[in-house]
Amino acid sequence: MALDKKLKDFDNALSRLEESINKTNAYKAQEEYTFFRDSTIQRFEFTLEIAWKSIKQFLLEHEGLECRSPKACMREFFSVGYLNEEEIALLLQMIDDRNLATHTYHEALADDIFSHIEVYRVLLKRIYGLMMSRL
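Residues numbered from 1 in each chain as written. Predicted model: local features only at pLDDT ≥ 70, side-chain atom pairs only at ≥ 80, totals over all residues. Heavy atoms only, no water.

## Regarding the packing of helix H2 (residues 33-63) against helix H3 (residues 70-79)
- Direction vectors running N to C along H2 and H3 enclose 50°, while the axes themselves pass 9 Å from each other. Looking at the two axes, H2 sits oblique to H3. You can see that H2 and H3 cross each other, and the crossing is left-handed. Where H2 abuts H3, its residues Leu 48, Trp 52, Ile 55, Lys 56, Phe 58 and Leu 59 lie against Pro 70, Cys 73, Met 74, Glu 76 and Phe 77.
- In the contact of H2 with H3, the residues fall into nine nonpolar, no polar and two charged. (Axes fitted to C-alpha atoms, helices over the stretch in contact; angles between N-to-C directions. Helix = DSSP H or I, 4+ residues; strand = E, 2+ residues; numbered from the N terminus. Parallel < 35°, antiparallel > 145°, perpendicular 65-115°, else oblique. Left-handed = near helix turned anticlockwise from the far one by under 90°. Contact = heavy atoms within 4.5 Å. Nonpolar A, V, L, I, M, F, W, Y, C, P; charged D, E, K, R; others polar.)

Written as structure tokens, this is what we have:
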């Protein structure tokens, strides 16, 4: 089943993201901080990528719905009742931050995106749990 593989990858990505967040926070006051921050942003991008693809497959298999883009999939996930309004707003902001992440050479932008990643991780973990509970 395609969804099982995606969810396994999603779980792994979440674990790696959490590991990266913790490492970055441990180096916050040190010279290596920017290296770890930028690595965490990259892992965030990977995690969001597998998250939306997991949602896409979940919606297809469990709701019979097809979506083609990250934002469309998140909106569909919301419209069928898996998310509340605050969560969908946060997910759409998350996608915008992922799109901005290509500009992490701007220090202020990189710091801003990193400051949101822990909140994003919590929501992504909740979404992962939601999908797992429906299998």
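After presenting the structure, the write-up continues.
## A word on the side chain of Arg 98
- As for its position among the elements, Arg 98 is in helix H4 (residues 85-100).
- Here Arg 98 falls in the buried class, since its relative accessible area comes to 14%.
- Polar side-chain contacts of Arg 98 include one of 3.3 Å to the side chain of Glu 49.
- Among the polar contacts made by the side chain of Arg 98, one reaches the side chain of Asn 99 at a distance of 3.0 Å. (Buried < 20%, exposed > 50% of the residue type's maximum accessible area, 1.4 Å probe, protein only. Polar contact = N/O pair within 3.5 Å; in protein donor to acceptor, adjacent residues only side chain to side chain.)

## Describing the packing of aromatic side chains
- A full pass over the atoms with the stated rule returns eight aromatic pairs.
- Their ring planes at 90° and their centres at 6.2 Å tell us that Tyr 33 and Phe 114 sit as a pair that is edge-to-face. Taken together, the residues span a long stretch of sequence, with Tyr 33 in helix H2 and Phe 114 in helix H5 (residues 107-133) at a distance of 81 residues.
- Consider the rings of Phe 58 and Phe 77, whose centres lie 5.9 Å apart with planes at 75°: the pair is edge-to-face. Within this pair, whereas Phe 58 is found in helix H2, its partner Phe 77 is found in helix H3, the two being separated by 19 residues in sequence.
- Using a relative accessible area of 0% as the deciding quantity, one classes Phe 77 as buried. (Phe/Tyr/Trp six-rings, centres within 6.5 Å; stacked < 30°, edge-to-face > 60°.)

Bear in mind that shape data such as this cannot, by itself, settle questions of function.
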